[in-house]
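# Breakdown of the fold
Given next are the chains, with one letter for each unit.
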Amino acid sequence: MTALTTPTTTSATVPQPARLERTPERTATPRRFLMCPPTYFDVVYEINPWMDLGVPVDTGRALAQWERLRATYEAHGHHVEVIDPVPGLPDMVYAANGGVVLGGRALAARFTYPERRPEGVAYERWFAAAGDGVVSLGQAAEQNEGEGDLLLAGDVMLAGTGFRTSRAAHAEVAALLGIEVVTLELVDPRYYHLDTALTVLDGGPSPVVAYLPEAFSPASQAVLAERYPDAILATPEDAAVLGLNAVSDGRHVFLSDRATGMHARLRERGFEPVGIDLSELLKGGGSVKCCTLELRPAPTTGTTDVLTSKEAHA
Ligand code: ARG
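Calculation criteria
Residues numbered from 1 in each chain as written. Predicted model: local features only at pLDDT ≥ 70, side-chain atom pairs only at ≥ 80, totals over all residues. Heavy atoms only, no water. Helix = DSSP H or I, 4+ residues; strand = E, 2+ residues; numbered from the N terminus. Buried < 20%, exposed > 50% of the residue type's maximum accessible area, 1.4 Å probe, protein only. Contact = heavy atoms within 4.5 Å. Polar contact = N/O pair within 3.5 Å; in protein donor to acceptor, adjacent residues only side chain to side chain. Near = heavy atom within 4 Å. Areas by Shrake-Rupley, 256 points an atom, 1.4 Å probe, with all protein chains shown as cover. Core = buried A, V, L, I, M, F, W, Y, C linked by side-chain atoms within 4.5 Å.

## Focus on the environment of Ser136
- Within the element layout of this structure, Ser136 appears in strand β5 (residues 135–139).
- Residue classification places Ser136 among the partly exposed positions, given a relative accessible area of 23%.
- Once the C-alpha coordinates of Ser136 and Trp126 are considered, the two residues, 10 residues apart in sequence, prove to be 8.8 Å apart.
- Leaving out residues up to four positions away in the same chain, Ser136 has contacts with Ala106, Glu124, Phe127 and Ala128.
- Among the polar contacts listed, one links the side chain of Ser136 to the side chain of Glu124, at a separation of 2.6 Å.
- Of the polar contacts made by the side chain of Ser136, one reaches the backbone nitrogen of Gly138; its length is 2.9 Å.

## Quick notes on the site of the ligand
- The local shell around the ligand holds 17 residues, among which Asn48, Arg116, Asp195, Gly284 and Cys290 are the closest.
- Within the side chain of Asn97, a nitrogen or oxygen atom sits 2.9 Å from a nitrogen atom of the ligand.
- Within the backbone of Gly284, an N or O atom sits 2.8 Å from a nitrogen atom of the ligand.
- Summarising the interface, the protein chains cover 100% of the accessible area of the ligand, which totals 340 Å² for the free molecule.

## Observations regarding the nonpolar core
- The biggest cluster of nonpolar side chains holds 39 residues, and the ones touching the most others in it are Leu158, Leu198, Phe216 and Met262.
- Elements supplying a minimum of two residues to this core: β6 (150–153), β7 (156–161), β8 (180–185), β9 (198–202), β10 (208–211), β13 (252–256) and α7 (260–268).
- A per-element tally of this core places β10 first, with four residues.
- Those residues within four positions of Leu198 in sequence are excluded, and the remaining contacts are Leu151, Leu158, Leu184, Ala210, Tyr211, Phe216, Leu224 and Leu244.
- Judged by nonpolar contacts, the second largest core, of 24 residues, contains Met35, Val57, Tyr94 and Leu281.

Don't take any of this as a statement about function, it's just geometry.
Right, dumping it as structure tokens:
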């Protein structure tokens, strides 16, 4: 025991291992989001293992839950833009898939399945008409499901592949958006988009991420372990309620209210979990992040984003 071998040392002077350092103070920054109301949401085809034609959907309930998510963002100081839903496009509510917007430049999606392809056109039109610092780069040439598979983490874009977005799309994103892309291979069909298996909690210079290791190939697990030794590793239970499908503003983390294990881990690391009930939208295979596309402004409109300041120097 320390007290016996060094009797004059008080506990206050004993150096503390790094792990016992105080929880970091987290800072929220206001965000601009694009969302699409689930007016026409339904499950009328099955393109991921969450979708089951035999399970009825309550569209009214989905709308009420979605409105609550939107109101919760606004109550936390975030700005929400809304794109008009299109009849016959039941998955359009999952706005994260509509594209990726970086430094005010918007690349619209090119969907894998024909059922969702017209959404890419609808989102491209919205970007083209948005103004307010958003410039459309058109639709991606390669198969690309937007922020479903493209997550900004500090100055790199983490990019999922294996089920939807192609490797060729990763190269296209790197070239068009001028950013380093880190390819990550997904291997579990339940976690078919990167944003179902990984979330970026702090996008600052030393990013903090949470992820489910077994959703990735062994090679990609090694990439993640090397880049993010301090990552939060999710449990299968939290991932199975899409608890990794989260949106963080740097401090508040908006995520499924069912992912209770993840809530506890977030608190340990200084984040504030904000539980959201999106049980109806879970039937389509999506949760909070799927419903949210981040509109990252051009450098001139002012941003603390690491990538855009780097771009401004390029
Ligand atoms: N039913 C949709 C699909 O399978 C769900 C998309 C969820 N979006 C997401 N960003 N993970 O394409």
